[in-house]
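As a plain string of letters, each chain reads:
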Amino acid sequence: MKANDCKAIRQRIDELEHEIETNTTIQGHVQSCSMCRRFLEDEKSLRRLVASLVPVEAPPDFDFRLRARLANERVSKPGRQRIGKLSFAGAAITVAAVAVLGVGIALFQQLKPVSAPPAVALKDQVKPAEPASTGAPRESQSQETQVKAAAPVVQPAPKHSGPNSVKRPDILASERPRRLVAIDSAVTTPSVVRQDDLLIEPESQLTLPVQTLKVSVDDGSGVSRTISLPTVSFGAERVLTNARSGFAQPTKVSW
Amino acid sequence: MDTLTSIDQLPFSSPLGGELVDGSASDHALLEATRTGDEDAFAELVSRYRNQLVSYIYRMISDYDGAVDLTQETFVRVYRAADRYQQSHAFSTYIYRIATNLAISELRKRKRRRLVSLTGFFQSNDGSEPLEFNPPDERPLQDTELVEFERRAAVQRAIGTLPEKYRAPLILRDVEGRSYEEISQILGTSEGTVKSRISRARGFLREKVKAYL
């Protein structure tokens, strides 16, 4: 008896149901092969055993529970749709709020420099015929003291009139209309002095304002204070030149 | 005002007047009527399949309450998808496929949960299927009914230890008596695979219930 025959016969036994008894090949083989006969008997017993499992039944309230669940789902369906609509509305509101916020921020950033109140208000404007003064530091000790006295209020002003203004005239020119009212650089002689120009032409003369510049400072409480800035001299130019080095030097330094 | 005396009078109504619900209508016709709103047609489908499905799922997961819940879930899914049902296969194949998928999902869920079993101490040493806690009872048995009960319980426990890919085809074939073709449609596999798995399942089962053969 070949092992392959036994394998094929057992496979046939596995696949067939009631036809086993009538299948001559299987019956002929199991009569001569005790192992396959044993396998067939076990197979029949196993199938009987498994088939003997008593079917269980659904509980009596199965239909009731199923109906209740289906009815519950039917009732809750519109609610789910409502929730979906609410969530959609919420998303739309969020998007709209973000858009409004973005527009607001952009608008605020555009209006911010214009709406910012200037710390120094120039009440006495420079006459067009007179050369403009940048309010550079003065050489005399008394004038410096006078400027320092108003320092807490005048503090933002040196941004335009300090040493930086000498270094970067383009920035000064661009910011001038916003901070200094009605100073026309095209008409007045520019007070910007470049150190490079001075190095190249040491003998060049600066055209400086001949009249004092009066600056009226309003601290916001209604009390105004007027500061007179005298004419810029060459001493001031030297102070400006030294100030470009990045650190402030005392005026008593010999140079 | 009328007084309702039965839950049957409550939620379901039959716009078709229950014409199809006479017990002779095919499953497809009943589902078609369900699709048009005939709740009695769906109730007839439920009555046809509820016991079969509870029994089948119970054999799969060895838990009666879980089987009832999954059977209910099966019917709910059929009801929800009534509009999308296509009559390419038999309705019984369709509903058994849903039930099988739910049962397999439940088995996988339970495996992930790693439920601590009181019989967990009796694991086999080779890490394969856990051994059943079945202490020998030397006392004489009371009657043959009790013997049969014990034998069936042992078979059910043995089926419960089979891997799920062997369990479903074995139950469908040897318990439910379905053809290989139906089983292959329910499980979505080829007939050859079904035959092979059933053969393997019987081999496993034969070893486990050897004492009862």
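Notes on the structure in this doc start here. (Residues numbered from 1 in each chain as written. Chains lettered and ligands numbered in written order. Predicted model: local features only at pLDDT ≥ 70, side-chain atom pairs only at ≥ 80, totals over all residues.)

**Considerations on the overall build of chain B**
Argument step 1. Within chain B one finds eight helices and zero strands.
Argument step 2. Sequence-ordered secondary structure for chain B, helices as α and strands as β, is α-α-α-α-α-α-α-α.
Argument step 3. In chain B, which comprises 213 residues, the proportion classed as buried is 32%.
Argument step 4. Look at the contacts in chain B between residues 6 or more apart in sequence, and 56% of them connect residues 24 or more apart. (Helix = DSSP H or I, 4+ residues; strand = E, 2+ residues; numbered from the N terminus. Buried ≥ 20, exposed ≤ 12 C-beta atoms within 10 Å, placed from the backbone. Contact = placed C-beta atoms within 7 Å.)

**Details of the interface of chain A and chain B**
Argument step 1. Taken together, the contact between chain A and chain B spans 26 residues of the former and 33 residues of the latter.
Argument step 2. Breaking the side of chain A that touches chain B down by element, the ones donating at least two residues are helix 1 (3–15), helix 3 (34–51) and helix 4 (62–115) of chain A.
Argument step 3. Of the residues forming the side of chain A that touches chain B, the biggest block, nine residues, is contributed by helix 4 of chain A.

**Focus on the packing of helix 6 (residues 164–175) of chain B against helix 7 (residues 180–187) of chain B**
Residue and element names in this part refer to chain B.
Argument step 1. It is the contact of helix 6 with helix 7, at a shortest axis distance of 10 Å, that shows an interaxial angle of 145°. With respect to the hand of their crossing, helix 6 and helix 7 are arranged in right-handed fashion. Between helix 6 and helix 7, the residues in contact are Ala168, Pro169, Leu172 and Arg173 and Ile183, Ile186 and Leu187, respectively. (Axes fitted to C-alpha atoms, helices over the stretch in contact; angles between N-to-C directions. Left-handed = near helix turned anticlockwise from the far one by under 90°.)

**Digging into the nonpolar core**
Argument step 1. Ranked by internal contacts, the top residues of the largest apolar core, which has 50 residues, are Ile57 and Ala99 of chain B.
Argument step 2. Beyond its immediate sequence surroundings of up to four residues, Ala99 of chain B is in contact with Leu53, Tyr56, Ile57, Leu70 and Thr74 of chain B. (Core = buried A, V, L, I, M, F, W, Y, C linked by C-beta atoms within 7 Å.)

**Observations concerning helix 6 of chain B**
Argument step 1. In this model, helix 6 of chain B (12 residues) spans 15 Å end to end at C-alpha, consistent with the 16 Å of a helix rising 1.5 Å per residue.
Argument step 2. With nine of its 12 residues buried, helix 6 of chain B lies for the most part within the structure.
Argument step 3. The elements touched by buried residues of helix 6 of chain B are helix 3 of chain A together with helix 2 (39–61), helix 4 (91–113), helix 5 (144–160), helix 7 and helix 8 (191–208) of chain B.
Argument step 4. The positive-phi residue at the C-terminal boundary of helix 6 of chain B is Gly177 of chain B, with phi of around 75°. (Expected span 1.5 Å × (residues − 1).)

**Describing helix 2 (residues 24–32) of chain A**
Residues and elements named next belong to chain A.
Argument step 1. Every buried residue of helix 2 is listed here: Ile26, His29 and Val30. Projection of helix 2 onto a plane perpendicular to its axis shows the buried side chains occupying an angular sector of 95°, all on one side. Residues of helix 2 that are exposed and point over 90 degrees away from its buried face: Thr24, Gln27, Gly28, Gln31 and Ser32. (Arc of directions from axis to C-beta.)

**Quick notes on the packing of helix 2 of chain B against helix 3 (residues 64–80) of chain B**
Residues and elements named next belong to chain B.
Argument step 1. One can describe the packing of helix 2 onto helix 3 by two numbers: an axis separation of 8 Å at closest approach and a directional angle of 140°. It follows that helix 2 is oblique to helix 3 by the angle criterion. Two packed elements cross with a definite hand, and for helix 2 against helix 3 that hand is right-handed. Contacts between helix 2 and helix 3 involve Phe42, Val46, Arg50, Leu53, Val54, Ile57, Tyr58 and Ile61 from the former and Tyr64, Gly66, Ala67, Val68, Leu70, Thr71, Thr74, Phe75 and Tyr79 from the latter.
Argument step 2. Of the residues in the contact of helix 2 with helix 3, the class split is 13 nonpolar, three polar and one charged. (Parallel < 35°, antiparallel > 145°, perpendicular 65-115°, else oblique. Nonpolar A, V, L, I, M, F, W, Y, C, P; charged D, E, K, R; others polar.)

**What about the pairing of strand 2 (residues 224–229) of chain A?**
All names here are of chain A.
Argument step 1. Examined bridge by bridge, strand 1 (residues 213–218) and strand 2 share six bridges and lie antiparallel to one another. In the sheet register, Ser216 faces strand 2, and the bridge partner there is Thr226.
Argument step 2. Where strand 1 folds back onto strand 2 in an antiparallel hairpin, the turn is made up of five residues, including Gly220, whose phi is positive at roughly 95°. (Pairing = 2+ DSSP bridges.)

**Describing the environment of Pro169 of chain B**
All names here are of chain B.
Argument step 1. Looking at where Pro169 falls in the secondary structure, it is placed in helix 6.
Argument step 2. Note on Pro169: 27 C-beta atoms within 10 Å, which makes it buried.
Argument step 3. Sequence spacing of Pro169 and Ser184 is 15 residues, and the spatial spacing of their C-alpha atoms is 8.5 Å.
Argument step 4. In contact with Pro169, not counting residues within four places along its chain, are Ile183, Leu187, Val194, Arg197, Ile198 and Ala201.

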